[in-house]
Amino acid sequence: MKEAIVLGIVNGAVWGVLAVGLVLVYKGSRVFNFAQGEFATVGAYVAWLTIAGLGWPYPVGVVIAVAAAAAMGFLTERLVVRPLFNAPRVTLLVATAGVAVGAIQLELIIGRPEVRVLEPALSGRGASVFGVLITPQEYIIVLALLLIGGGLAYFFARTRLGLRILAASQDPLAAQLVGISSKRISSILWTSAAALGGIAGLLLAAAPGQALSPGFVTRNALLAAFAAAVLGGMSSVAGAFVGGVVIGISQQVAQFFLFDKGVPSPDVVVLMALLLLVLLVRPQGILGKEV
Amino acid sequence: VATAEELEVAEIPEVDLREEGPSRLAQLRDAPHGGLWARGLFGTVLLGGFVVLTLVADDILLLDLQRVFVFAIAAISINLLMGYAGQISLGHQAFFGVGALTSAGLVTEMGLNFWPAVAGAALLGAFSAGILGIVALRLRGLYLALITLAYGFFAENVIFNIRALTRGAAGMPAPRPDGFTSERLFLWLVVGFFVLVQFTDWQLLRSKVGRAILAVRDDETVASSLGVDVTLYKTLAFVLSGAFAGLAGALFAHQTTLVVASDFSFQLALIFVFVAVVGGLGSRAGVFTAAIFFTLFPSFASRYDWFNPEYVPLVGVVLLVLTLIVHPGGIGEALRPVTEWFRGGRFSMHHEGSGTEPGGGLR
């Protein structure tokens, strides 16, 4: 049980990082970005190519991977989102789903359907907390969550750009009137969301027992990230983090109790139940406040 | 100077909704650009060409054609939901898969005949879509898209993973029905189902039900203020779409003769959406053409070594994005001069289209 909760927090941290990317895009374009999982997978694949394939040092591979994910986000915004700036939002959503399918296919062509493994950044046994053994990779995941959360909180509360983004998100017309370019904001948000996606992909890919396969983040984490973002109210960064951890823990607890009860994928059952509950009962989420 | 009364009369032309006057045939005889003869010839060439094709085709091409019509039924299903009812579904692989597994299960596990099994598949498809429809009553737009995606994902990971129902990775056999074991006869069976579904779809849209569904799509508030039962017609659109998808899935099962649950993945749902959007939402001819393209293109690409079939989904994605951005009406819009002419209109490249807004009616 203790293990389940710890593992839930670690998984939930990854869902949270991915969900924050969804929230940033939602702030910028008011759309659900179904390509977010693929920003992450592409990041993980580039890291695998540079670190395991080319033998470059780990930090270099990580930087290139995050840059590649960010570039993909930038290009998606330029080539797909911007031409559909005034189209209905569901149209844009279908377009992002198209981007995801295209990316999965590219990964299949480049990476073949074989299973790849990305080594964790730090190896070693790790140290116990409350009698639960935690690997160095898991410490990195939680640390990354805290750093990103703190950084974003500072960014949106204290920096000019952060305030501009919040203004553009809350009232695009008024923001444009005072000279904030909504197109530039959109570009920045998509690029940074994709970079966060890339980080989430790296963290997930190197987690114990995880392997790379085409579209693995979309398959394993995208829905959980959406549930986290929706739980947090869709436009709240803090809410997305909290939502991610809540979902991660509930999934692991369900896994713990239903593991040998003949229920296939208890984590997906919990996910669906939570998503339905939030959407039908409290669609504005727990923290339905723009933060 | 016209009086106010004359102006009023001039502004509100009388519209006869019941289409009285000359019969349809007489209308076509007097239609511009070739009258009935040219249209009859055009129709005969299309139909005759297809019949000749089925006679000369080898088994491989026959299999391809079977898949074309199975996918065309699925395309009608998604067009009904997305094009007419304006409800997006990113989880359509669930109903298709439910149909396939139901029909295979009823035949293999229960020893039922093909016909009741297919009926059962359509029923269960309708039921599973009806559940989603009830959820969809409370959600719209992006949230509806998300919950349909989640529904498909749930079906894929939970329902299709119950080994007792699906036999897991080993798959469930779904034999060809008695009397239709040859590829040519089975093709005609699938074509028969396609004609049945297409006819149902066509008659439905002409009826009160169809007009109500379109009204709900265009504006729920206006529709309900005019006495249209929004709850009923929205749910009905899901149920009918699910029934068609379940039927398509059942035919898919008996076409491949072995159903593996992993066939029904997220990517399949996306291909259905590609077909609906690239074909042009609400356009039967366009969606049918898109179903042909998305079935035959990958198959021909690999058989004739045009290029690696792995690149086909990329072509699909590029087509999707280009359709959304540049040509929102899709193939249907491109075919419109021909389809309008065939119905008895003029052959004109400049028709007032319904799918000319960005996104082609996706909302």
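Quick notes on the rules
- Residues numbered from 1 in each chain as written.
- Chains lettered and ligands numbered in written order.
- Predicted model: local features only at pLDDT ≥ 70, side-chain atom pairs only at ≥ 80, totals over all residues.
- Heavy atoms only, no water.
- Helix = DSSP H or I, 4+ residues; strand = E, 2+ residues; numbered from the N terminus.
- Buried < 20%, exposed > 50% of the residue type's maximum accessible area, 1.4 Å probe, protein only.
- Contact = heavy atoms within 4.5 Å.
- Areas by Shrake-Rupley, 256 points an atom, 1.4 Å probe, with all protein chains shown as cover.
- Expected span 1.5 Å × (residues − 1).
- Buried area = accessible area lost by both parts, 1.4 Å probe.
- Salt bridge = Lys/Arg side-chain N within 4 Å of Asp/Glu carboxyl O.
- Polar contact = N/O pair within 3.5 Å; in protein donor to acceptor, adjacent residues only side chain to side chain.
- pLDDT = per-residue confidence, 0-100.
- Phe/Tyr/Trp six-rings, centres within 6.5 Å; stacked < 30°, edge-to-face > 60°.
- Lys NZ or Arg CZ within 6 Å of the ring centre and 35° of its normal.
- 1 Å grid on protein atoms, 1.4 Å probe; cavity = no way out; pocket = protein on both sides within 12 Å on 5 of 7 lines; lining within 4 Å.
- Points joined across faces, edges and corners; volume = space filled by probe spheres on them.
- Nonpolar A, V, L, I, M, F, W, Y, C, P; charged D, E, K, R; others polar.

Engineer: I'm lost on the overall build of chain B in this one. Help?
Structural biologist: If you tally the helices and strands in chain B, you get 16 helices and two strands. Taking all 363 residues of chain B together, the buried fraction comes to 51%. Within chain B, contacts between residues at least 6 apart in sequence are counted, and of these 74% link residues at least 24 apart. With an accessible surface of roughly 17100 Å², chain B has 66% of that area assigned to carbon and sulfur atoms.

Engineer: Any chance you could explain the overall build of chain A here in plain terms?
Structural biologist: Counting secondary structure elements, chain A contains 11 helices and two strands. Listing the helices and strands of chain A from first to last along the sequence gives α-α-α-α-β-β-α-α-α-α-α-α-α. Oriented by its inertia axes, the alpha-carbon framework of chain A measures out at about 55 × 45 × 35 Å. Expressed as a percentage of its 291 residues, the buried residues of chain A come to 56%. Accessible surface for chain A amounts to roughly 11700 Å². Of this, 69% is attributable to carbon and sulfur atoms.

Engineer: What should I look at first to understand helix H8 (residues 182-205) of chain A in this one?
Structural biologist: Counting along an α-helix, one turn takes 3.6 residues, and residues three or four places apart therefore face a common direction. In a regular helix each residue adds 1.5 Å, so 24 residues correspond to 34 Å; H8 of chain A covers 34 Å between its end C-alpha atoms and thus fits that length. Counted residue by residue, H8 of chain A has 18 buried out of 24 residues, so it is predominantly covered.

Engineer: Would you mind going over the interface of chain B and chain A with me for this structure?
Structural biologist: On the chain A side, the residues contacting the 39 residues of chain B number 42 residues. Interface area for chain B against chain A, summed over the two sides, is near 3700 Å², with a carbon-plus-sulfur share of 84%. Area buried by chain B at its contact with chain A is led by Leu142, Leu146 and Glu310 of chain B, which between them contribute 18% of it. Connecting chain B to chain A are zero salt bridges. Applying the counting criterion to the chain B and chain A interface returns two residue pairs in polar contact (both at pLDDT 80 or more). For the side of chain B that touches chain A, the secondary structure elements donating two or more residues are helix H7 (141-157), helix H13 (266-279) and helix H15 (312-325) of chain B.

Engineer: Looking at this model, I keep getting lost on the confidence of the model for chain A. Mind explaining?
Structural biologist: Caution applies to low-pLDDT regions: their predicted coordinates should not be interpreted in detail. Model confidence for chain A is summarised by a mean pLDDT of 86, while 98% of its residues fall at 70 or above. Mean pLDDT across the elements of chain A bottoms out in strand E1 (residues 127-129) of chain A (74) and peaks in helix H3 (residues 58-81) of chain A (93).

Engineer: I tried to follow the side chain of Asn33 of chain A on my own but got confused; where do I start?
Structural biologist: Residue and element names in this part refer to chain A. The topology assignment puts Asn33 in the loop between helix H1 (2-29) and helix H2 (36-53). The exposure class of Asn33 is buried, given its relative accessible area of 0%. In this structure the side chain of Asn33 is engaged in a polar contact, spanning 2.9 Å, whose partner is the backbone nitrogen of Ala35. Setting aside anything within four residues of it in sequence, one finds Asn33 in contact with Leu22, Val25, Phe39, Thr96, Trp190 and Phe226.

Engineer: Just checking my understanding: could you explain unusual backbone geometry for this structure?
Structural biologist: Phi is mostly negative for residues that are not glycine, and the peptide bonds are mostly trans. Of note in the backbone geometry, Ser265 of chain A takes a positive phi value of approximately 45° without being a glycine. The backbone of Thr257 of chain B sits at a positive phi, close to 65°, despite the residue not being glycine. Secondary-structure assignment places Thr257 of chain B in the loop between helix H12 (230-256) and strand E2 (258-259). Using a relative accessible area of 33% as the deciding quantity, one classes Thr257 of chain B as partly exposed.

Engineer: Before we go on, may I ask you to explain the packing of aromatic side chains in this structure?
Structural biologist: The geometry of an aromatic ring pair is captured by two quantities: the separation of the ring centres and the angle between the planes. Considering all chains together, one arrives at 30 aromatic pairs over all chains under this definition. When the centroid spacing of 5.1 Å and the interplanar angle of 80° are considered together, the rings of Phe114 of chain B and Trp115 of chain B count as edge-to-face. Taking relative accessible area as the criterion, Phe114 of chain B reaches 3% and is therefore assigned buried. Residue classification places Trp115 of chain B among the partly exposed positions, given a relative accessible area of 43%. Measuring from ring centre to ring centre gives 4.8 Å for Phe293 of chain B and Phe297 of chain B, while their planes differ by 15°; the resulting arrangement is stacked. Taken together, the residues Phe293 of chain B and Phe297 of chain B, both in helix H14 (residues 284-303) and four residues apart, mark about one turn of the helix. Note on Phe297 of chain B: relative accessible area 17%, which makes it buried. One aromatic cluster in this structure is built from Phe71, Phe96, Phe160, Phe252, Phe264 and Phe272 of chain B. One residue, Lys27 of chain A, lies across the ring of Phe156 of chain A, its end atom 5.4 Å from the ring centre. One Lys or Arg, Arg206 of chain B, reaches over the ring of Trp202 of chain B and ends 5.2 Å from the middle of that ring.

Engineer: Sorry, what's going on with empty space enclosed by the protein here?
Structural biologist: Residue and element names in this part refer to chain B. In the structure shown here, the tally under the stated rule is one cavity of 30 Å³ or more. When its volume is computed, the largest cavity comes out at roughly 70 Å³. Every residue lining the largest cavity is listed: Ala72, Ala75, Ile76, Asn79, Phe194, Gln198, Asp201, Arg284, Val287 and Phe288. Elements with a contribution of two residues or more to the lining of the largest cavity: helix H4 (59-84), helix H9 (183-206) and H14. Ranked by residues supplied to the lining of the largest cavity, first place goes to H4 with four residues. Counted by class, the lining of the largest cavity contains six nonpolar, two polar and two charged residues.

Engineer: Looking at this model, I keep getting lost on the pattern of salt bridges. Mind explaining?
Structural biologist: Oppositely charged side chains can form a pair if their charged atoms are brought close together. Residue and element names in this part refer to chain B. Summed over the entire model, instances satisfying the criterion amount to 10 salt bridges over all chains. A salt bridge links Arg284 to Asp201; its shortest N-O distance comes to 2.6 Å. Within this pair, whereas Arg284 is found in helix H14, its partner Asp201 is found in helix H9, the two being separated by 83 residues in sequence. For Arg284, a relative accessible area of 22% corresponds to the partly exposed category. Taking relative accessible area as the criterion, Asp201 reaches 2% and is therefore assigned buried. Within the structure, one salt-bridge network assembled from shared partners comprises Asp64, Arg67 and Arg303.

Engineer: Teacher, can you tell me more about H2 of chain A here?
Structural biologist: Residues and elements named next belong to chain A. Here H2 spans 25 Å end to end across 18 residues, near enough to the 26 Å set by a 1.5 Å rise per residue. The element H2 is extensively covered by neighbouring structure, given that 15 of its 18 residues are classed as buried. Within two residues after H2, Gly55 carries a phi angle of roughly 75°, on the positive side.

Engineer: Just checking my understanding: could you explain the side chain of Ser265 of chain A for this structure?
Structural biologist: Within the secondary structure, Ser265 of chain A is located in the loop between helix H10 (237-258) and helix H11 (266-281). Polar contacts involving the side chain of Ser265 of chain A include one to the main-chain carbonyl oxygen of Asn157 of chain B, which spans 3.0 Å. With residues near it in sequence (within four places) discarded, Ser265 of chain A still touches Asn157, Val158 and Asn161 of chain B.

Engineer: Help me out: how do you make sense of the confidence of the model for chain B in this one?
Structural biologist: All names here are of chain B. The share of residues in chain B with pLDDT of 70 or more is 90%, and the mean pLDDT across the chain is 84. Element-level pLDDT for chain B is lowest in helix H1 (residues 4-11), with a mean of 52, against a maximum mean of 94 in H12. Per the prediction output, this complex has pTM 0.87; the corresponding ipTM is 0.88.

Engineer: Sorry if this is basic, but what is going on with the environment of Val23 of chain A here?
Structural biologist: Residue and element names in this part refer to chain A. Relative to the helices and strands, Val23 resides in helix H1. Here Val23 falls in the buried class, since its relative accessible area comes to 0%. Counting along the chain gives 123 residues from Val23 to Leu146, while the straight-line C-alpha distance between them is 17 Å. Residues within four places of Val23 in sequence aside, it is in contact with Ala229, Met234, Ser235, Ser236, Val237 and Ala240.

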